[in-house]
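Coordinate inspection notes
These are the residues of each chain, in order.
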Amino acid sequence: MFIQTEATPNPATLKFIPGRAVLDSGTMEFANREAAARSPLAERLFGVPGVTSVFYGSDFVTVTKDDSDWQHLKPAILGAIMEHYMSGAPLLADGSVSSDEAADEEDEFFSDDDAETVATIKDLIETRVRPAVANDGGDITFRGFKDGIVYLNMKGSCAGCPSSTATLQHGIQNLLRHFVPDVVEVRPV
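The model shown is predicted, which means the values in this text are computed figures rather than measured ones.

**Digging into the environment of Cys158**
By secondary structure assignment, the location of Cys158 is in the loop between β8 (149-156) and α5 (164-179). Put simply, Cys158 and Ile140 are 18 residues apart on the chain and 7.6 Å apart in space, counted from C-alpha to C-alpha.

Shown next, in the form of structure tokens:
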């Protein structure tokens, strides 16, 4: 098994590509060891000292570290990913391969009067923003819309990335403002 690694815009996060599907659709984030209990792979990765967050995309896993050195962490992370796939263990302890999408949608907030605007915002995020962000090992999902402000949830390599503010304000905000005049600002949640 050959696992590729790619740098992300976030120096604390590396993208690992195992050469096979990770999630059928959507994304999943494990922000701590307790959350990782539902995934044998995430548990293995949190077993590596220095790992602070794990994120699954369709065909990649991103791992975020503390101030430890990648030179020491990378071999252990590669080993944990390889052991998981060679063991044949399921991605999730319950055997499912579902993403966090349903939980994300439950937490959304916006007025019914803004439903049409929100549908346009979600479509733009889905078709123009998420594919680009996935290339960098992360994800951005819609959380809410109120008083012209779009609230977005940043995951994977996007969470805590030094360039995420610029991405939000210059890239996503400008895109949404161009297509949706009601948008005045974009903020992370």
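So much for the structure itself; the text now carries on.
**Remarks on the domain arrangement of the protein chain**
When the domains of the protein chain are assigned, the result is domain 1 (4-87) and domain 2 (100-188). Taking only C-alpha atoms, the centre of domain 1 and the centre of domain 2 are 24 Å apart. Facing 16 residues of domain 1, the contacting portion of domain 2 comprises 17 residues. Summed over both sides, the interface between domain 1 and domain 2 buries roughly 1,200 Å², with carbon and sulfur atoms accounting for 50% of that surface. Where domain 1 touches domain 2, the interface holds zero salt bridges. Viewed at the interface, domain 2 and domain 1 are joined by one residue pair in polar contact (both at pLDDT 80 or more). Put simply, the parts of the chain that give the side of domain 1 that touches domain 2 at least two residues each are β2 (13-17), β3 (28-30) and β5 (61-65). Considering only residue class, the side of domain 1 that touches domain 2 consists of five nonpolar, seven polar and four charged.

**A look at the packing of aromatic side chains**
The full count for this structure, using the stated rule, is four aromatic pairs. Judged by centre distance (6.2 Å) and plane angle (35 degrees), the ring pair of Phe55 and Phe60 falls under tilted. We note that Phe55, like Phe60, is buried. Relative to Phe142, the ring of Phe110 has its centre 6.2 Å away and its plane inclined at 65 degrees; by these criteria the two rings are edge-to-face. Of the two residues, Phe110 sits in strand β6 (residues 109-110) while Phe142 sits in strand β7 (residues 138-146), which places them 32 residues apart along the sequence. The exposure class assigned to Phe142 is buried, which follows from its relative accessible area of 5%. When the ring centre of Phe60 is taken as origin, the NZ or CZ atom of Lys15, which lies over that ring, is 4.7 Å away.

**Quick look at the sheet that holds β3**
Read across the sheet, five strands follow the order β1-β2-β5-β4-β3 without closing on themselves; strand pairing throughout is antiparallel. Looking at strand neighbours, the two that pair on one side only are β1 (4-7) and β3, the edges of this open sheet. Between one strand axis and the next, the sheet turns by 20 degrees as a mean value, whatever way the strands run. Across four bridges, β2 lies against β5 in antiparallel orientation. If you follow Thr13 over to β5, its bridge partner there is Thr64. Each of β1, β2, β4 (51-56) and β5 is contacted by helix α2 (residues 70-87), which is oriented at about 30 degrees to β2, the strand it contacts most.

**Some remarks on the pattern of salt bridges**
Taken as a whole, this structure holds six salt bridges when the rule is applied. Lys15 is the partner of Glu6 in a salt bridge, and the nearest nitrogen-oxygen pair spans 3.8 Å. Glu6 gets classed as partly exposed once you look at its relative accessible area, which sits at 34%. We note a salt bridge from Arg130 to Asp139, for which the minimum N-O separation is 2.7 Å. This pair shows no difference in class: Arg130 is buried, exactly as Asp139 is. Counted as one network, the salt bridges with shared partners bring together Glu126, Arg130 and Asp139.

Each value, and the rule that gives it
Residues numbered from 1 in each chain as written. Predicted model: local features only at pLDDT ≥ 70, side-chain atom pairs only at ≥ 80, totals over all residues. Heavy atoms only, no water. Helix = DSSP H or I, 4+ residues; strand = E, 2+ residues; numbered from the N terminus. Domains from an automatic or database assignment. Contact = heavy atoms within 4.5 Å. Buried area = accessible area lost by both parts, 1.4 Å probe. Salt bridge = Lys/Arg side-chain N within 4 Å of Asp/Glu carboxyl O. Polar contact = N/O pair within 3.5 Å; in protein donor to acceptor, adjacent residues only side chain to side chain. Nonpolar A, V, L, I, M, F, W, Y, C, P; charged D, E, K, R; others polar. Phe/Tyr/Trp six-rings, centres within 6.5 Å; stacked < 30°, edge-to-face > 60°. Buried < 20%, exposed > 50% of the residue type's maximum accessible area, 1.4 Å probe, protein only. Lys NZ or Arg CZ within 6 Å of the ring centre and 35° of its normal. Pairing = 2+ DSSP bridges. Axes fitted to C-alpha atoms, helices over the stretch in contact; angles between N-to-C directions.

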